[in-house]
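Fold and contact review
Okay, here's what each chain looks like letter by letter:
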Amino acid sequence: MAKIPINIDGTALEVEQGQTILEICQANGIEILTMCHMKGLGDVGACRLCLVEIEGINKLLPACTTKVAANQVIKTKTEKIKKYQKITTELLFAVCVSNGKCELQDLGYKVGMTHVRFPYLFPQCEVDTSHPWYVMDHNRCITCTRCVRVCSQVEGSYNWGVKNRGVSSRIISDFNTPWGESTTCTACSKCVHSCPTGAIWPKAIVQGQLTKSPQMIADLVERRKMNL
Amino acid sequence: MMHDLLSKICNGHGTARDVEMLEELSIYVKEASLCGLGMSAPNPLMSTLRYFKNEYIEQLKKSDAIKGGVHG
């Protein structure tokens, strides 16, 4: 593949065409904050945390879904981006109980969040405990759709989906039926491991004891590619 | 959330910080959103803030008078 010159945060790089800005940054040790991105899954650009500035384009673009073009001058750490990352994180926050093991909480520390200035929406969402092994708590869901993507792209069972739009978006099982009644769910637990917060968790766990291994999904995708 | 802030100001419970936050949020929504709706949705609100800033200030003064000049 053809190599093209680009510039990220003042560093000149020679990169292969067809890669996303996020892939290049991660390969070159430039930190970009992400939430809905997960290694091994397709990107959707939903969380708006990886927004970057590109010279000559008057709007901010998400690094995870934007492919590089020749001679782009990309800035990832301007004051504006830092400010927006903070607002985005604050707007995502709910009271998270997978305390200490929550990716959202880690993100809050990274952007230097001390408190939430925006009033909580406190949506009264249901908690689906119908599944024999797992629980889906919609109150803690940030609709990053990682579970939806891991279920369709990796497991291939298409159990999870999204209903409604905007603030009323909710993750649904099958045709908006209780998870326990799902005819497609294989109880593989991939959605449990991909969930960045404490929205999907195994029943046999005490609060705060939840450990997830999101790396497992990416490893699985890589191993399948090896065609053994 | 922005609608709530605006209602709060209109109802006479607003503070200068609410107007600031309204401004900050409208710029954020305009620039950081994914779709065309999000990019243009704050426009009417931003126009009022740009051209009728005085009315916001007047309303805040009225709110202050009701509250006895104490900033919330």
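What you are looking at is a predicted structure, and each value in this text was computed from that prediction instead of being measured. (Residues numbered from 1 in each chain as written. Chains lettered and ligands numbered in written order. Predicted model: local features only at pLDDT ≥ 70, side-chain atom pairs only at ≥ 80, totals over all residues. Heavy atoms only, no water.)

With that settled, consider the overall build of chain B. Scanning chain B for helices and strands turns up 5 helices and 0 strands. Starting at the N terminus and walking to the C terminus, you meet the elements of chain B as α-α-α-α-α. Evaluated residue by residue, chain B yields a buried proportion of 36% over its 72 residues. Considering only intrachain contacts with a sequence separation of at least 6, the fraction spanning at least 24 residues in chain B is 48%. Entry remark: accessible area of chain B is about 4400 Å², with carbon and sulfur atoms responsible for 62%. (Helix = DSSP H or I, 4+ residues; strand = E, 2+ residues; numbered from the N terminus. Buried < 20%, exposed > 50% of the residue type's maximum accessible area, 1.4 Å probe, protein only. Contact = heavy atoms within 4.5 Å. Areas by Shrake-Rupley, 256 points an atom, 1.4 Å probe, with all protein chains shown as cover.)

This part takes up the overall build of chain A. Looking only at helices and strands, chain A has 6 helices and 10 strands in total. Expected size for 228 residues packed as a compact globule is a radius of gyration near 17 Å; at 19 Å, chain A falls within 12% of this value. Once the C-alpha set of chain A is aligned to its principal axes, its extents read approximately 55 × 50 × 30 Å. When contacts within chain A are restricted to residue pairs at least 6 apart in sequence, long-range pairs at least 24 apart make up 58% of them. Carbon and sulfur atoms make up 53% of the accessible area of chain A, which amounts to about 12000 Å² in all. Here chain A contributes 26 positive and 20 negative side-chain charges, whose respective centroids are spaced 2 Å apart. (Rg over C-alpha atoms; globule rule 2.2 N^0.38 Å. Lys, Arg positive; Asp, Glu negative; His and termini not counted. Charge placed at Lys NZ, Arg CZ, Asp CG, Glu CD.)

Let us now look at the pairing of strand β1 (residues 3-8) of chain A. Residue and element names in this part refer to chain A. Of the two faces of β1, the one lined by Ile4, Ile6 and Ile8 is fully buried and the one lined by Lys3, Pro5 and Asn7 carries no buried residue. The pairing of β1 with strand β2 (residues 11-16) spans 6 bridges and is classified as antiparallel. Following the sheet pairing, Pro5 is matched in β2 by Glu14. In sequence, β1 turns back onto β2 through a hairpin of 2 residues, with Asp9 there showing a positive phi of about 50°. As defined by bridge partners, β1 adjoins strand β5 (residues 73-75) across 2 bridges and the pair is classed as parallel. By the bridge assignment, Ile8 is partnered in β5 with Ile74. (Pairing = 2+ DSSP bridges.)

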